[in-house]
Amino acid sequence: ILNVEQSPQSLHVQEGDSTNFTCSFPSSNFYALHWYRWETAKSPEALFVMTLNGDEKKKGRISATLNTKEGYSYLYIKGSQPEDSATYLCASLTSYDKVIFGPGTSLSVIP
Amino acid sequence: NAGVTQTPKFQVLKTGQSMTLQCAQDMNHEYMSWYRQDPGMGLRLIHYSVGAGITDQGEVPNGYNVSRSTTEDFPLRLLSAAPSQTSVYFCASSYSAAPGHEAFFGQGTRLTVV
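Keep in mind the model is a prediction, meaning the values are calculated, not measured.

> I would appreciate a short explanation of the sheet that holds strand S3 (residues 19-24) of chain A in the present structure.
Residue and element names in this part refer to chain A. Reading across the sheet, the five strands line up as S1-S3-S8-S7-S6 and stay open at both edges, with antiparallel pairing between neighbours. A strand with exactly one partner marks an edge of an open sheet, and here the two such strands are strand S1 (5-7) and strand S6 (56-59). Averaged over neighbouring strand pairs, the angle between their axes works out to 15° when direction is ignored. Pairing of S6 with strand S7 (residues 62-67), which is carried by four bridges, proceeds in the antiparallel orientation. Of the residues in S7, the one forming a bridge with Glu 56 is Thr 65.

Given below as structure tokens:
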């Protein structure tokens, strides 16, 4: 993989459902993987910064895992709420000064 | 604490005009960068700086210039605007370019070139 890919492109879930998205990134020259949450009409805000293979991070109902050997990260949201509706971006750092963003996963949580 | 401030928020330019998008941060961050965001695509890196006096090209640098004379400011110059530069532009800063540091983003500048 030369680029950063995210799937699915968009997702609609019912309030209370749990969901997860995938970020695939180049596994060579890995430095870090960032997850951002981007609400409409706002700017992206960092959720997690992950640097080590096997990293697991958690913030409230949101968690993320990292597999640098195979080049993927999962973002999980437990018990989705309408306020979780946003676009979730991942970004791969392939060197200390090169950042490649994925196209994002757009999540809509239906009340 | 203002964080990252971008101006203007909206701009319409005619083809061939030049302009400067301003970006300032008050967090004493070393690393600053400019991205453009287009529909269906992720944020694409235009230029970045790892400190005052040091800049480098990102993924899509053509048609843009930057300078970093101070730690706080990182303006982006469009030399001769083209319709292909219609986009939303984001400035971001990080404590350093080291991988463990998250980026803080400005509110964005929506630019339309007609």
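From this point on, the discussion continues.
> Before we go on, may I ask you to explain the pattern of salt bridges in this structure?
It is possible for side chains of opposite charge to pair when their charged atoms get near one another. Under the counting rule described, the total for this entry stands at five salt bridges over all chains. Measuring nitrogen to oxygen at the nearest pair gives 2.8 Å for the salt bridge that ties B:Arg44 to B:Asp38. Given a relative accessible area of 19%, B:Arg44 falls into the buried group. Note on B:Asp38: relative accessible area 8%, which makes it buried. By sharing partners, the salt bridges in this structure join A:Arg37, A:Glu39 and A:Lys42 into a single network.

> Any chance you could explain the packing of aromatic side chains here in plain terms?
By convention here, two paired aromatic rings are described through the distance between centres and the angle between planes. A complete count under the given rule lists 13 aromatic pairs over all chains for this structure. Measuring from centroid to centroid gives 5.3 Å for A:Phe25 and A:Phe30, while their planes differ by 35°, and the two rings are tilted. The two residues A:Phe25 and A:Phe30 agree in class, both being buried. The interplanar angle of 85° and the centroid separation of 5.2 Å between the aromatic rings of A:Trp38 and B:Phe90 together place this pair among those described as edge-to-face. You can see A:Trp38 sitting in strand S4 (residues 32-38) and its partner B:Phe90 sitting in strand S9 (residues 87-94), one on each of two chains. Pair check on accessibility: A:Trp38 and B:Phe90 agree, each one buried. Over the aromatic face of A:Phe48 sits the side chain of A:Lys59, whose NZ or CZ is 5.9 Å from the ring centroid.

Rules of the game
Residues numbered from 1 in each chain as written. Chains lettered and ligands numbered in written order. Predicted model: local features only at pLDDT ≥ 70, side-chain atom pairs only at ≥ 80, totals over all residues. Heavy atoms only, no water. Pairing = 2+ DSSP bridges. Helix = DSSP H or I, 4+ residues; strand = E, 2+ residues; numbered from the N terminus. Axes fitted to C-alpha atoms, helices over the stretch in contact; angles between N-to-C directions. Salt bridge = Lys/Arg side-chain N within 4 Å of Asp/Glu carboxyl O. Buried < 20%, exposed > 50% of the residue type's maximum accessible area, 1.4 Å probe, protein only. Phe/Tyr/Trp six-rings, centres within 6.5 Å; stacked < 30°, edge-to-face > 60°. Lys NZ or Arg CZ within 6 Å of the ring centre and 35° of its normal.

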